Amino acid sequence: MQRQDTHSKLIGYLLWIFGFLGAHRFYYGKPVTGTIWFFTLGLLFIGWIIDLFLIPAMDREADLRFTAGDTDYNVAWILLTFLGVFGVHRMYQGKWITGIIYLCTGGLFLIGVLYDFWTLNTQVSIENASRS
């Protein structure tokens, strides 16, 4: 059985540019270390540099952990990373009510955006699994 390519190394490396804030770690389903990177600037940039070499392994692991389907992880993560406070990533997933709430409240005052950084992979995986 061939595994599905749910996450992209290219997107991982693009998010790595902002990786000292943990974006790439959240993307690959590592919210605890993503949060640590966020508050320590990528462990004072040392962990951020090391991650340059760890991205291929994180990509393989994410491809094994999460369910592929119609909702694309890469699109959802780009929308969350750059437009999360406007709720566009939620609207993309068909969650229109919470998307509009995010739009009107700045991503529920950024707390909702942080919640979605922790849970977006699971949200997309559940949605994809329910459609198959």
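Computed from a prediction, not measured in an experiment: that's the story for all the values here.

Rules of the game
Residues numbered from 1 in each chain as written. Predicted model: local features only at pLDDT ≥ 70, side-chain atom pairs only at ≥ 80, totals over all residues. Heavy atoms only, no water. Domains from an automatic or database assignment. Contact = heavy atoms within 4.5 Å. Buried area = accessible area lost by both parts, 1.4 Å probe. Patch = residues over 30% accessible without salt bridge, like charges linked within 9 Å, V, L, I, M, F, W, Y side chains within 5 Å. Areas by Shrake-Rupley, 256 points an atom, 1.4 Å probe, with all protein chains shown as cover. Salt bridge = Lys/Arg side-chain N within 4 Å of Asp/Glu carboxyl O. Helix = DSSP H or I, 4+ residues; strand = E, 2+ residues; numbered from the N terminus. Expected span 1.5 Å × (residues − 1). Bend = angle between axes of the 7 residues up to and from the residue. Phe/Tyr/Trp six-rings, centres within 6.5 Å; stacked < 30°, edge-to-face > 60°. Buried < 20%, exposed > 50% of the residue type's maximum accessible area, 1.4 Å probe, protein only.

### So, the domain arrangement of the chain
In step 1: By domain assignment, the chain separates into domain 1 (9-65) and domain 2 (73-131).
In step 2: One C-alpha centre belongs to domain 1, the other to domain 2; they are set 19 Å apart.
In step 3: Contact residues are listed per partner, giving ten residues for domain 1 and nine residues for domain 2.
In step 4: At the boundary of domain 1 with domain 2, total buried surface from both sides reaches about 880 Å², with 73% on carbon and sulfur atoms.

### Overview of a nonpolar patch on the surface
In step 1: On the surface, a nonpolar cluster with roughly 830 Å² of combined accessible area is contributed by Leu 10, Leu 14, Ile 17, Phe 18, Ile 78, Phe 82, Leu 83, Phe 86 and Leu 103.
In step 2: Of all the elements in the fold, those that place two or more residues in the nonpolar patch are helix H1 (9-16) and helix H5 (73-83).
In step 3: Considering every element that reaches the nonpolar patch, the biggest residue donor is H5, with three residues.
In step 4: Relative to the helices and strands, Ile 17 is located in the loop between H1 and helix H2 (23-27).

### Here we look at helix H4 (residues 46-65)
In step 1: With 20 residues, H4 should reach 28 Å at 1.5 Å per residue; the first-to-last C-alpha distance of 27 Å fits that figure.
In step 2: Its axis deflected by about 60° at Phe 53, H4 carries its strongest bend there, up to four residues before the proline Pro 56.
In step 3: Contacts made by the buried residues of H4 are with H1, H2 and helix H3 (31-44).

### Notes on the packing of aromatic side chains
In step 1: Inspection of every chain in the model, using the stated rule, returns eight aromatic pairs.
In step 2: On the numbers, 6.0 Å between centres and 90° between planes, the contact of Tyr 27 with Trp 77 is edge-to-face. Of this pair, Tyr 27 sits in helix H2 while Trp 77 sits in helix H5, and the two are 50 residues apart along the sequence.
In step 3: Given a relative accessible area of 0%, Trp 77 falls into the buried group.
In step 4: Here the aromatic rings of Trp 77 and Phe 117 are separated by 5.7 Å at their centres, their planes lie at 50°, and the arrangement is tilted. One end of the pair, Trp 77, is in helix H5; the other, Phe 117, is in helix H8 (residues 111-131), and 40 residues separate them in sequence.
In step 5: Overall, Phe 117 belongs to the buried group, its relative accessible area being 16%.

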